[in-house]
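What follows is each chain in one-letter form.
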Amino acid sequence: MSFWWICPALVTLCTLFNTQALRIYPPNEVTLLDSMSALGDLGWVAYPLEGWEEISVMDERNTPMRTYQVCNVLEVNQNNWLRTSFIPRGGAQRIYIEIKFTLRDCNSLPGLSGTCKETFNMYYYESNNTNLWFIKENYYHKIDTIAADESFTQVDVGDRVMKLNTEVRDISNLSKKGFYLAFQDVGACIALVSVRVFYKKCSMTIRNLAQFPDTVTGGDSALVEVKGSCVNNSVEFEIPKMYCSADGGWLVPIGRCACKPGYEEKKDSCHSCRPGYYKALLTDTYCAKCPPHSFSIQNSSAECTCEKGFHRAESDPKSMPCTKPPSAPDNPITTVNETSVIMDWSPPKDRGGRSDIMYNIHCRRCQSETQKCSACGSGIHYIPRQFGLSQPRVLVTDLLPYTNYTFDIEALNGVSDLSTYPKQFISVNVTTSQVVNVILKERRSKDSVTLAFQGPEKSNDIVVEYEVIYYEKNQKEQNYTVLKTRSNFMTVEGLKPGTTYVFRVRAHTVGGQGIYGGEIELETSTEDIIAIVDPNQITILAISVAGGIVLLIFLVTCFFVSGRHCGYIKAKQDPDEDKMHFQHGRVKLPGSRTYIHPHTYEDPNQAVRDFAKEIDASSIRIERVIGAGEFGEVCSGRLKLPSKREIYVAIKSLKAGYTEKQRRDFLGEASIMGQFDHPNIIRLEGVVTKCKPVMIITEFMENGSLDSFLKKHDGQFTVIQLLGMLRGIASGMKYLSDMNYVHRDLAARNILVNSNLVCKVSDFGLSRVLEDDPEAAYTTRGGKIPIRWTAPEAIAYRKFTSASDVWSYGIVMWEINSYGERPYWEMSNQDVIKAIDEGYRLPPPMDCPVVLHQLMLDCWQKCRSDRPKFGQIVNILDKFIRAPSSLIELANSSEWQDPSIPDSYPVTTLEQWLEALKMSHYLEHFTMAGYVTLDSVMYLNSSELGRIGITITGHQKKILSSVQNVQALGTQLQI
Ligand code: AMP
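The structure displayed is predicted, hence computed values, not measured ones.

### A look at the overall build of the chain
A tally of helices and strands in the chain yields 15 helices and 53 strands. Here the chain holds 975 residues, and the buried ones make up 49% of them. When the accessible area of the chain is evaluated, it comes to approximately 46700 Å², of which 52% is carbon and sulfur surface.

This is the structure in structure tokens:
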């Protein structure tokens, strides 16, 4: 029985808490039951009947609210149960119960101290049965005893200050379909105003482009692992995972999704790339602009399409500009050596935007008469290989002799195979030969010479005949006579006595015509002397027809002078040498003095003995180190020979641990130097060979090498002083050329200067050809050449002559006048070769007299016969020295331009352009093919030029290089 008189306010309170309309649950809570929002009967069961009572009250908005109340405080042994209807668990393992209630303070109820309680109990019963009408009390599990935080008194009620308690309890690890809740009253005065049952969830969220669904929290404090699913247009990059915590929060995001190619991430979703943009990789965050020469016209592009004519290799990243195949290789240089050829070329001018340039070589064999070509077939060897060459050079060996070959050098890059256009190549025609390696025997008289030959060494061909051309040395080469013989010797008769003739021999074999061997100079005797010389097994026998005694004296002298080598000296023929001279020892045939190459001695020590004086080491005093040579240190010191005054000397020593070849080469320089005697050639004092270290003693040049000397004294000399140096060097070189010595490495660094500014030519090293010169670069033939100082024909095919020394002399002139400036400055060797080939020449150095620059230009004539001889140079310089007024006019270096390179000026029409290129005759070709404006010629290539009828390679080159300049400059055409 209820005692409403005790707590009448319980049924009318509630101004505080009807918030049904306003109730907003936290987003991560899922409500399973809310007594306040239930519209109809709650259907809860109360027993005994006089216990809990359902009482509807109105809130202040007149909305009915259901409450359960009990207040049997006057009676003992109360046990009143109120049980909810079935509450489905909704999959949750942990359920929260929030109850709101009021509880009357027992103290405010006088005389009830024995029976009144201030707590009640809450229970649950888990079940799959949704419709139980009865549950035994002892089946319930107690959740808790609930006490009020705030109880209220009558006074409180009167003041309408309600003390509403809210308590939340939870039950875990539920596993059945649902449960029932029960409230047990044991004698309190309670109004149960609201019961809300809910569970917590982790709300749907997107993290790292992965969507995580609403997730019910686990039981107790367990985390629930959840795998995310990638948002639209994204794919898993690394499995996306998160953990849903028991209180409904997401924890520890792992992994992620990424926007598919063609899409970029914006605010938790993936958006298409706009046209003109692309995104190739999952890992790229944003869409990027299409790289050069590509485009995209649609949304969501994963890559951009290459423009016509441009391609992307499979391995190219999509971010790389589209590229095209390269143009043809350029500037081929071939060096044919009998049946092998070395081909060098420059990389294509247009590399198509790539660096992976490769070259393929295709070989055709062509008949000269019919011009018919066929594939070369096997048997030919390419070093390093025929296809896929990474360097612009190849050596082709084992070609047939006397055969015309055409090699197409094809340039390729990573996109060549993707292009439908034919690969660009340059063709090189080569005719092989076989040098007539003539073993010469000569026999001379006053008016005849007998020569004997032996066929080409390497050829198996049978020699059909030998052809000899000869002319008088001082006559022009044009006045030559040709003689042929089927036999292997020939006597050339009707010669003038005491006259030097030049002979050259070639063989005709069944394979074809050979090429002429080197020049052989022979002088007819004034008397009847017969010499038989065999350059491979040279035996010099001087027979005086005038009397056997002379012969005898000669042989005896020879024996003593040259030791056992006198009569038999093996000479090795150097194919690069232009002139070979077959004099030996101190035996000199009549005529001018000629330099003898130490290699013509079988025993090089003999050459040293013949040409260099042995010095006793005790007469040398080494003082200090002044430089480093190829073989060891260079020192200065003093030399005191018996009965001579002490002199300063330079001492080159051969470092310890040398090889026999090094010793030979080291002393070779002395054997050469020892043959010279000229004020402008470094003088050899002697050698020390009998004790170690082996030394070469030369005169001491106080100012060291000319290049560093000039740099040290920049601008400090008068023109006449500079002329004096030039004159000295020219004079020394005249002497060398008169002795038929070709220096090959004439450069300021190889000139020494003494205290009187006298310049002397030095560096006659044997390992030159030029291994020791830091300026020397490897050339096509494997030898090293100081490119900037060397004449084009010597670079291209090793035609080293006194005329090529003249070219180098011109460079030395330039070095002297520019006080040691580096020729062609920092241009690369390859560019120097190209520039020279195209007619470029060094401009006059600052303050250089016009006449001196003109002399330099003369030395740099392309055609070597047009260059002045050293004798002429000496004369010209002498004239300048005698008449210094000729030096007044200075060349203006800033205005000077190579006459072969025309001025630049802009052109605006096709006609003007062709006219400027001196190609006006092609105007019709262009217009007929539809090229009428200058813009239209911008993308011409050689095959297109061929198609419109411009087939001459030189003309194509000229046109294309002009076009390429424009492309490179991106400006108006400049001619
Ligand atoms: P070389 O091995 O001849 O190139 O000599 C190396 C360096 O030693 C030269 O660059 C000079 O500086 C110095 N040198 C060589 N010979 C002489 C010399 N006769 N007088 C003075 N210095 C010399």
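Back to the text.
### Concerning the site of the ligand
Around the ligand sit 13 residues in total, of which Ala650, Lys652, Thr698, Glu699 and Met701 are the nearest. One of the backbone nitrogen or oxygen atoms of Met701 is found 2.9 Å away from a nitrogen atom of the ligand. When the ligand sits alone it has 470 Å² of accessible area, and the protein chains cover 82% of it. For the shell around the ligand, the secondary-structure elements that each account for two or more residues are strand E45 (620-628), strand E47 (647-653) and strand E49 (695-699). If you tally residues by element for the shell around the ligand, the top one is E45, at three residues. Taken together, the residues that form the shell around the ligand break down as eight nonpolar, three polar and two charged.

### Some thoughts on the sheet that holds strand E29 (residues 373-375)
Taken together, the four strands give an open sheet; going across it, the order is E29-E28-E32-E33, and neighbouring strands pair in antiparallel fashion. At either margin of the open sheet sits one strand with a lone partner, and together these are E29 and strand E33 (425-431). Put simply, the sheet's adjacent strands are angled 30° from each other on average, direction ignored. The sheet contact formed by strand E32 (residues 404-412) and E33 spans seven bridges and is antiparallel. Residue Asp408 lies in a different strand from E33, and its bridge partner there is Ser427.

### A word on the nonpolar core
In terms of nonpolar packing, the biggest core is built from 76 residues, with Phe676, Leu706, Met725, Ile729, Phe764, Tyr809 and Leu877 touching the most fellow members. For this core, the element with the highest residue contribution is helix H6 (residues 719-738), accounting for nine residues. Those residues in contact with Phe764 that lie beyond four places of it in its chain are Glu669, Ile672, Met673, Phe676, Ile681, Ile682, Leu736, Tyr741 and His743.

### A short note on the confidence of the model for the chain
Summing up the model confidence of the chain, the mean pLDDT is 80 and the portion of residues at 70 or higher is 80%. Mean pLDDT values over the elements of the chain span from 24, in strand E43 (residues 543-544), up to 97, in helix H8 (residues 802-817). Overall, residues 898-905 carries pLDDT values under 50, and its contacts beyond four positions in sequence, including any with other chains, amount to 16 contacts.

### A word on H6
Here H6 is 20 residues long and its end C-alpha atoms lie 28 Å apart, about the 28 Å a rise of 1.5 Å per residue gives. Once H6 ends, the next one or two residues include Asn740, with phi positive near 60°.

### Digging into the sheet that holds strand E18 (residues 234-244)
Spatially, three strands are ordered E16-E18-E19 in an open sheet, and the strand pairing comes out antiparallel. Edge positions in the sheet fall to strand E16 (224-227) and strand E19 (250-259), since each of these pairs with one other strand and no more. Ignoring which end each strand starts from, the neighbouring axes of this sheet average 15° apart.

### As for the packing of aromatic side chains
A full pass over the atoms with the stated rule returns 32 aromatic pairs. The interplanar angle of 25° and the centroid separation of 6.4 Å between the aromatic rings of Trp44 and Phe183 together place this pair among those described as stacked. With Trp44 in the loop between strand E1 (29-34) and strand E2 (45-47) and Phe183 in strand E11 (residues 178-185), this residue pair connects regions lying 139 residues apart in the sequence. The two residues Trp44 and Phe183 agree in class, both being buried.

### Thoughts on the pattern of salt bridges
The tally for this structure, following the rule as stated, stands at 36 salt bridges. A single network of salt bridges, built from pairs that share partners, joins Arg621, Glu623, Arg638 and Glu646.

### Re a nonpolar patch on the surface
On the surface, Leu223, Leu251, Val252 and Ile254 cluster together into a nonpolar patch covering about 310 Å² of accessible area. Mapping Val252 onto the fold places it in strand E19. Accessibility expressed as a relative area gives 49% for Val252, which makes it partly exposed.

### Here's the deal with the state of the cysteines
Applying the stated criterion to the full structure yields nine disulfides. Covalently, Cys106 is tied to Cys116 through a disulfide, its sulfur atoms 1.9 Å apart. Torsion about the S-S bond of the Cys106 and Cys116 cystine: about -80°, corresponding to left-handed handedness. Here the residue Cys106 occupies a position in the loop between strand E7 (95-103) and strand E8 (119-127), and Cys116 occupies one in the loop between E7 and E8, the gap between them amounting to ten residues. With respect to class, Cys106 is no different from Cys116; both count as buried.

### With respect to the UniProt feature "active site" (unreviewed entry) in the chain
In the numbering adopted here, UniProt assigns the feature "active site" (unreviewed entry) to Asp745. Locating Asp745 in the fold gives a position in the loop between H6 and strand E50 (751-753).

### Observations regarding the packing of H8 against helix H11 (residues 870-882)
Between two packed helices, what matters for the description is the angle formed by their axes and the separation of those axes. Following both chains from N to C, one finds H8 and H11 inclined at 35°, their axes separated by 10 Å at the closest point. When H8 is examined against H11, the residues Ser802, Asp805, Val806 and Tyr809 are found in contact with a partner set consisting of Phe870, Ile873 and Leu877. Here the residues of the contact of H8 with H11 sort into five nonpolar, one polar and one charged.

### Quick look at helix H3 (residues 604-611)
For H3, every residue scored as buried is listed here: Gln606, Ala607, Val608, Asp610 and Phe611. Capping of H3 at its N-terminal end is provided by Asp603; its side-chain oxygen lies 2.9 Å from the backbone amide nitrogen of Asn605.

### Digging into the packing of H8 against helix H10 (residues 850-859)
Where H8 contacts H10, the axes come no closer than 8 Å and their chain directions differ by 150°. For the element pair H8 / H10, the angle class is roughly antiparallel. Between H8 and H10 lies a crossing of left-handed hand. Across from Val806, Trp807, Tyr809, Gly810, Met813, Trp814 and Asn817 in H8, the residues of H10 making contact are Leu852, Leu855, Met856 and Cys859. The residue inventory of the contact of H8 with H10, partitioned by class, reads nine nonpolar, two polar and no charged.

### A short note on the pairing of strand E28 (residues 358-366)
As defined by bridge partners, E28 adjoins E32 across nine bridges and the pair is classed as antiparallel. Pairing of Met358 across the sheet is with Leu412, part of E32. Note that E28 and E29 share three bridges and pair antiparallel. From the neighbouring strand, Arg364 faces E29, where its bridge partner is Ala375.

### Side note on the side chain of Glu167
With respect to the secondary-structure elements, Glu167 resides in strand E10 (residues 165-171). One polar contact links Glu167 to Arg169, side chain to side chain, over a distance of 3.1 Å. Apart from residues lying up to four places away in sequence, Glu167 is in contact with Ile97, Glu98, Ile99, Phe101, Ile146, Ala147 and Asp149.

### Details of the environment of Gly632
Here Gly632 shows up in the loop between E45 and strand E46 (633-639). What makes Gly632 buried here is its relative accessible area of 15%. Taking the C-alpha atoms as reference points, Gly632 and Phe666, separated by 34 residues in sequence, lie 9.8 Å from one another. Look past the residues within four positions of Gly632 in its chain and what remains in contact with it is Ser653 and Lys655.

### With respect to the environment of Arg822
Looking at where Arg822 falls in the secondary structure, it is placed in the loop between H8 and helix H9 (829-837). Taking the relative accessible area as the measure of exposure, Arg822 reaches 27% and is therefore partly exposed. Separated by 115 residues in the primary sequence, Arg822 and Asp707 have C-alpha atoms spaced 9.3 Å apart.

### A short note on the side chain of Arg354
Inspection of the secondary structure puts Arg354 in the loop between strand E27 (340-346) and E28. You can call Arg354 buried: its relative accessible area is 9%. Separated by 2.9 Å, the side chains of Arg354 and Asp356 make a polar contact. In this structure Arg354 touches Ala313, Asp316, Met320, Thr323, Asn413, Gly414 and Val415, once residues within four positions along its chain are discounted.

Conventions adopted
- Residues numbered from 1 in each chain as written.
- Predicted model: local features only at pLDDT ≥ 70, side-chain atom pairs only at ≥ 80, totals over all residues.
- Heavy atoms only, no water.
- Helix = DSSP H or I, 4+ residues; strand = E, 2+ residues; numbered from the N terminus.
- Buried < 20%, exposed > 50% of the residue type's maximum accessible area, 1.4 Å probe, protein only.
- Areas by Shrake-Rupley, 256 points an atom, 1.4 Å probe, with all protein chains shown as cover.
- Near = heavy atom within 4 Å.
- Polar contact = N/O pair within 3.5 Å; in protein donor to acceptor, adjacent residues only side chain to side chain.
- Nonpolar A, V, L, I, M, F, W, Y, C, P; charged D, E, K, R; others polar.
- Pairing = 2+ DSSP bridges.
- Axes fitted to C-alpha atoms, helices over the stretch in contact; angles between N-to-C directions.
- Core = buried A, V, L, I, M, F, W, Y, C linked by side-chain atoms within 4.5 Å.
- Contact = heavy atoms within 4.5 Å.
- pLDDT = per-residue confidence, 0-100.
- Expected span 1.5 Å × (residues − 1).
- Phe/Tyr/Trp six-rings, centres within 6.5 Å; stacked < 30°, edge-to-face > 60°.
- Salt bridge = Lys/Arg side-chain N within 4 Å of Asp/Glu carboxyl O.
- Patch = residues over 30% accessible without salt bridge, like charges linked within 9 Å, V, L, I, M, F, W, Y side chains within 5 Å.
- Disulfide = S-S within 2.5 Å.
- UniProt positions renumbered as here; feature names shortened; annotations may be inferred.
- Parallel < 35°, antiparallel > 145°, perpendicular 65-115°, else oblique.
- Left-handed = near helix turned anticlockwise from the far one by under 90°.

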